[in-house]
Amino acid sequence: MAHTFEIYKDKAGEFRVRFKYNGEVMFATEGYASKSSAQNAIDSIKKNGPDAEVVDNS
């Protein structure tokens, strides 16, 4: 699959989420204290992301 969400534990012991496309990291989240909070972030992105506004500050 070309698109993946990856939950991982950082050096500080917090859970983070990376979104990868063709193996390249497109973005990563802040750290979360629990794995379930990281999963909630993924669920929120999936639910709300398609309707997100694009803001061009260039």
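Structure: see above.
Residues numbered from 1 in each chain as written. Predicted model: local features only at pLDDT ≥ 70, side-chain atom pairs only at ≥ 80, totals over all residues. Heavy atoms only, no water.

Visitor: For this particular structure, what's the right way to read the nonpolar core?
Guide: What tends to happen in soluble globular proteins is that the nonpolar side chains get buried as a cluster. With six residues, the main nonpolar core is built from F15, V17, Y32, A38, A41 and I42. Looking at this core, the elements with two or more residues in it are strand 2 (15-21) and helix 1 (35-48). At three residues, the largest contribution of residues to this core is made by helix 1. (Core = buried A, V, L, I, M, F, W, Y, C linked by side-chain atoms within 4.5 Å. Buried < 20%, exposed > 50% of the residue type's maximum accessible area, 1.4 Å probe, protein only. Helix = DSSP H or I, 4+ residues; strand = E, 2+ residues; numbered from the N terminus.)

Visitor: Would you explain the sheet that holds strand 1 (residues 3-9) in this entry?
Guide: The strands making up a sheet are joined through hydrogen bonds of the backbone, oriented either antiparallel or parallel. Spatially, the three strands line up as an open sheet ordered 1-2-3, and their pairing is antiparallel. The outermost strands of the open sheet, each flanked by one partner alone, are strand 1 and strand 3 (24-28). Neighbour-to-neighbour, the strand axes of the sheet open up by a mean angle of 35°, direction not taken into account. Pairing geometry for strand 2 and strand 3, over four bridges, is antiparallel. The residue bridging R18 from the neighbouring strand is A28, located in strand 3. Against the sheet, helix 1 makes contact with strand 1, strand 2 and strand 3, and its axis sits at roughly 160° relative to strand 1, the strand it touches most. (Pairing = 2+ DSSP bridges. Axes fitted to C-alpha atoms, helices over the stretch in contact; angles between N-to-C directions. Contact = heavy atoms within 4.5 Å.)

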